[in-house]
Amino acid sequence: MSMTNTAQIIETGLIDLEQVKKKQRIKSFFKGMAFLLPSIILFSVFLFYPMFRTIYLSFFLTKANGDPTVFVGLENYINIFSSPIFLRSMKSTFLFVLYTVPASVIVSLFLAIIANEKLKGIGFFRTVYSSTMGVSVAAASVFWLYLFNPSMGLLNQILGTFGIEAIGWLTDPKWALISVSITTIWMNVGFTFLILLGGLQSIDSSLYESADIEGAGYLYKLRKITIPMLSPTMFFVITVTIINAFQSFGQIDILTQGGPINETNLIVYSLYREAFVNYKFGSASAQAIVLFILILLMTALQFKLGERKVHYQ
Amino acid sequence: MSQIELVEISKSYDKQQDVLNEINLIIDEGEFFVLVGPSGSGKSTLLRMIAGLEEISGGVLKINGKSVNHMPPKDRNLSMVFQNYALYPHLSVKENIIFGLKAKKVDKQERQKRLLEASEMMGLTELLERKPRELSGGQRQRVALARTIVSQAPLCLMDEPLSNLDAKLRANMRVQIRRLQKQIGMTLIYVTHDQVEAMTMGDRIMVLNDGKIQQVGKPITLYNEPANLFVASFIGSPKMNMGKARFSENGKGLIVEEQLHIALDSSFVKDVHKHPQLTIGIRAEHLLPGTNENTNHFMEVVNVEQLGNETSIAFDVGSELWTAKWPGQWSIHVGQKVPVQILPENLLFFDSETGDLIQSALKDKGQEVLAI
C-alpha cells in the first residue's frame, strides 16, 4: 500500500515538473518575441512586405500608378533578357564592379598600411584618409562633376598644362564608366580604409616583434603576417564593396544619368528609369529580382570560394 | 654564448619620469639570469631594451663587449619567448618553428635538420602539422621554445613565459626550461613577477622595483640576506614577518609592535644607535613551536591553514599579520593561545627610514645551506 503511494507521489511529481517546464518554455518564448517585436515590425514593413510585393509585381503588367493589371507569368523576365539595353546594363554593371572593387581595396589597403605606422601626426592622415566616409553621395558627385567638367574642370586643366587634349570624362562613351568608377573608388576608400586599419590594428604587435627578432624583413612580414592575418577583414570588405557596387545609384544619377548611350546605365539605374520614368513597374520589379539573385549568387560564391582561404583566429 | 653588459641604462618616455634609472649590470655567459619585480617595476621594459624592441634613452648596452644600442633586433643574435608566445595563428607548428630560418634564408636541408632536432627535444614531432589553435597551452609554450632552439642564438630572452599556464604545468615547464638552458648552454634572461619562479630557476636574480635595482645575487643570498625591506618582503613565500621595533629603556629587551618583548641586549646589533627606528624581520619557519622549556611567547591564533606536510598559522602582532610555518600537522584552533619560541639570532634588522638591512640573521650563516 505504502509502496504504491510513494510510486504515485513520485509519478505526480514528475508530471508536475514537466508541466512547469513547459510553462516556463512558453513564457520565455513570449518574452523573447516581445523583445523581437519592434524589429519584426520594422523589417516587415520596410523589407519583407516590399520584397514579396516586388516578387508579386514582377509577374504582372501594371498601371502607371503601380497597380497590377494583367498576370503575364514570366513574360517580364523573358522581355528583359531579350532586351539589348538590359543586357548592356548587365555588362556595364559587371564592368563597374570589376573597375571599382579591386581598386578600392588595393588603394585603401595601401593607405591603411602606411597609416598604421607609428608616426607623429598620423592621426591627421588617418582622419583625412577616412574622411570620404563622411561625405554624402550627392556632395561627392557634385564635387567630382566640377572636377570632370570638360572646359573648366581641374582634371582637364592639369592635362592641358601637359599639352594633352581635353577628355570628355562624362560625355565620351569610352571614359564615362571609368569616370564614374573613379568617383566611386574615391567614395569607397573612406569606409574600406577605416575597416582595414581596424583590422591591421587588431593584429597582435608581438607577432611583428617576434618576426623582427627572428630577422624577417618588411616585405616578408607583410606577406607572411599582415596579409594572412588581415584576411577575415579583407573578406568582409570585399563582400561589402561588391554588394555596394551592384547597388550604386546616386553617383550615376548625378553624374551621367545613365548616359552617354547607356554606357553607365547600371542595373539599379535602369530599373529606376523603368519604374519611375517609363512607369513599367512589372518590368522594373523583374529587374530588381534579377539583381537580387545576382548579388545573392555572388555573395554565396564568395563565401564558398573565399572562406577556405580566410583564416579566422 | 653571449655576455651582456648594461652601463647606466635608463629609460624614460617623453623625456619625463624615468621608468628605469641607471641600471648597471653584467650578465655572464651561459648564465640563467632572472629579472623579478612587481608589475610596473620596469623589468619587461629592460628586457625589451636588450632585445632592441624598445629604444634606450640613456646608457650603453653591450653584447660581447660591443655596443649594440643602435643595432636592430635581428642583428643582435638573440631569440625571445613572449608571454603570449607570439605564434602565428595561420601557420602550422612546423612553419612557426622555421619562420625565422626561412626569413634568414637558411638552406632547406639545414632547416629540416634543426626542425627535427628541436621538435624531438620538445616532444612536438607528432604535432608539426597542427595549427596553434589546436594546441594546449603547454604545447604552444613548447612550440615557442622550439623556435628559440632552431634559431641557435646564444642569447635567449623570456618575458613571463609561464604566466598563462596552470600551476601544475608551470612547475613542469620550469624544470624543462631550466634543463633546456643547461643543455644548450645559452645565456638566458628571464623576466617574471613570480618570486617562486625566480628562486627556483635563476642562477642569479635581480630584484627590480620602481625602475631601480634593489639587489642582485644568488637566490639563497636574497632569501637570507635581503638588502632592504622590499627584497625581504618580496622574496620568500609566505612573506617575511616584519614589525616596528625599539629597544626598551634599559637596553636589555626588544619591543616589537609594542606587543612582543624579546630578551636581547642592544649590543647584539652593531651600530644600533645610528638607527633611531628599527624594523625587524623574521621568516615564517623561524617562529618555532615552543616546548615547555624554551617557550618565550604565547600568541593568539587568528587563522590556520593545513597544508598536509606543514601547518601555516597566522597571528596578529600589532598592526601586522605574522605567519608561522610549522612542519607536520598541528591540531590548532582559531582563538587558541599557542606557545612560540622566537630566537634573537633569527631576527633580521632593518633601518625603518632607509629600509636598508643593518644585520641579517646570524643563525642563517652556515646553518641553513647544507652542503652534501
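Fair warning: this is a prediction, and the values are worked out from it, not measured in the lab.

Observations concerning the overall build of chain A
Moving on, step 1. Looking only at helices and strands, chain A features twelve helices and two strands.
Moving on, step 2. Considering only C-alpha atoms, chain A reaches an extent of 115 × 75 × 30 Å along its principal axes.
Moving on, step 3. Here chain A holds 313 residues, and the buried ones make up 39% of them.
Moving on, step 4. Pairs at least 24 apart in sequence give 67% of the contacts found in chain A among residues at least 6 apart.
Moving on, step 5. Just so you have it, chain A exposes about 18,400 Å², and 71% of that area is on carbon and sulfur atoms.

As for the side chain of Gln359 of chain B
Residues and elements named next belong to chain B.
Moving on, step 1. Position of Gln359 among the secondary structure elements: in strand 21 (residues 357-359).
Moving on, step 2. Exposure remark for Gln359: the relative accessible area of 9% places this residue in the buried category.
Moving on, step 3. When neighbours within four sequence positions are excluded, Gln359 is seen to be in contact with Phe268, Val269, Lys270, Leu347, Leu348 and Phe349.

Description of the pattern of salt bridges
All names here are of chain B.
Moving on, step 1. Under the counting rule described, the total for this entry stands at 14 salt bridges over all chains.
Moving on, step 2. With a closest N to O distance of 4.0 Å, Arg170 and Asp194 form a salt bridge. On the criterion of sequence distance, the pair formed by Arg170 in helix 5 (residues 167-184) and Asp194 in the loop between strand 8 (187-192) and helix 6 (195-201) is long-range, its members being 24 residues apart.
Moving on, step 3. In this structure, Lys182 engages Asp203 in a salt bridge whose closest nitrogen and oxygen atoms are separated by 3.3 Å.

Observations concerning the packing of helix 2 (residues 93-103) of chain B against helix 4 (residues 137-151) of chain B
Residues and elements named next belong to chain B.
Moving on, step 1. Running from amino to carboxyl end, helix 2 crosses helix 4 at an angle of 30°, the nearest separation of the two axes being 9 Å. Helix-helix and strand crossings are classified by hand; for helix 2 and helix 4 the assignment is right-handed. In contact with Val93, Asn96, Ile97 and Leu101 of helix 2, helix 4 contributes Val143, Ala146, Arg147 and Val150.
Moving on, step 2. Here the contact of helix 2 with helix 4 is built from residues that sort into six nonpolar, one polar and one charged.

Considering the interface of chain B and chain A
Note on interface size: it is often stated as the accessible area lost on association of the parts.
Moving on, step 1. Between chain B and chain A, the contact holds 22 residues from the first and 19 residues from the second.
Moving on, step 2. Together chain B and chain A conceal approximately 1,900 Å² of surface at their shared face, both sides included; 63% is due to carbon and sulfur atoms.
Moving on, step 3. Joining chain B to chain A, the criterion identifies one salt bridge.
Moving on, step 4. Residue Glu209 of chain A pairs with Arg48 of chain B through a salt bridge whose shortest N-O separation is 2.6 Å.
Moving on, step 5. Linking chain B with chain A are eight residue pairs in polar contact (both at pLDDT 80 or more), by the criterion used here.
Moving on, step 6. For the side of chain B that touches chain A, the secondary-structure elements that each account for two or more residues are helix 1 (43-51), strand 6 (78-81) and helix 2 of chain B.

Quick look at the sheet that holds strand 2 (residues 18-27) of chain B
Residues and elements named next belong to chain B.
Moving on, step 1. Strand order in this open sheet of four strands is 2-1-4-5, and the pairing throughout is antiparallel. Among the strands making up the open sheet, the edge pair consists of strand 2 and strand 5 (66-67).
Moving on, step 2. As judged from the five bridges shared by strand 1 (residues 4-12) and strand 4 (residues 58-63), these two strands associate in the antiparallel manner. For Glu5, the partnering residue across the bridge sits in strand 4 and is Lys62.
Moving on, step 3. Contacts from helix 1 reach strand 1, strand 2 and strand 4, with the element oriented near 120° to strand 1.

Overview of unusual backbone geometry
Residue and element names in this part refer to chain B.
Moving on, step 1. Here the amide bond leading from Ser237 into Pro238 is cis, since omega sits at 0°, within 30 degrees of zero.
Moving on, step 2. Of note, the phi angle at Ala86 is positive, near 50°, even though the residue is not glycine.
Moving on, step 3. Non-glycine residue Glu257 carries a positive phi angle of around 50°.
Moving on, step 4. By the secondary structure assignment, Glu257 is in the loop between strand 12 (253-256) and strand 13 (260-263).
Moving on, step 5. On the accessibility criterion, Glu257 (15% relative accessible area) is buried.

What about the pairing of strand 2 (residues 68-71) of chain A?
Moving on, step 1. Bridging between strand 1 (residues 60-62) of chain A and strand 2 of chain A involves two bridges; their strand directions are antiparallel. By the bridge assignment, Phe60 of chain A is partnered in strand 2 of chain A with Phe71 of chain A.

Here we look at the sheet that holds strand 19 (residues 337-341) of chain B
Residues and elements named next belong to chain B.
Moving on, step 1. Here five strands make up an open sheet; going across it, the order is 15-19-16-17-18 and the pairing antiparallel. One side of each edge strand has no neighbouring strand; the edge strands of this open sheet are strand 15 (288-289) and strand 18 (320-327).
Moving on, step 2. The pairing of strand 15 with strand 19 spans two bridges and is classified as antiparallel. Residue pairing in the sheet places Pro289 in a bridge with Val340 of strand 19.

As for the domain arrangement of chain A
Residue and element names in this part refer to chain A.
Moving on, step 1. Along its sequence, chain A is carved into domain 1 (3-57) and domain 2 (82-309).
Moving on, step 2. Each of domain 1 and domain 2 has a C-alpha centre, and these two points are 44 Å apart.
Moving on, step 3. Listed by partner, the interface residues are four residues for domain 1 and five residues for domain 2.
Moving on, step 4. Buried surface at the junction of domain 1 and domain 2, both sides included, amounts to about 350 Å², of which 82% is carbon and sulfur.

Thoughts on the confidence of the model for chain A
Moving on, step 1. When pLDDT is averaged along chain A, the result is 88, and 94% of the positions lie at 70 or above.
Moving on, step 2. The least confident element of chain A, judged by mean pLDDT, is helix 1 (residues 2-57) of chain A at 84; the most confident is helix 3 (residues 84-115) of chain A at 93.

Conventions used here
- Residues numbered from 1 in each chain as written.
- Chains lettered and ligands numbered in written order.
- Predicted model: local features only at pLDDT ≥ 70, side-chain atom pairs only at ≥ 80, totals over all residues.
- Heavy atoms only, no water.
- Helix = DSSP H or I, 4+ residues; strand = E, 2+ residues; numbered from the N terminus.
- Buried < 20%, exposed > 50% of the residue type's maximum accessible area, 1.4 Å probe, protein only.
- Contact = heavy atoms within 4.5 Å.
- Areas by Shrake-Rupley, 256 points an atom, 1.4 Å probe, with all protein chains shown as cover.
- Salt bridge = Lys/Arg side-chain N within 4 Å of Asp/Glu carboxyl O.
- Axes fitted to C-alpha atoms, helices over the stretch in contact; angles between N-to-C directions.
- Left-handed = near helix turned anticlockwise from the far one by under 90°.
- Nonpolar A, V, L, I, M, F, W, Y, C, P; charged D, E, K, R; others polar.
- Buried area = accessible area lost by both parts, 1.4 Å probe.
- Polar contact = N/O pair within 3.5 Å; in protein donor to acceptor, adjacent residues only side chain to side chain.
- Pairing = 2+ DSSP bridges.
- Domains from an automatic or database assignment.
- pLDDT = per-residue confidence, 0-100.

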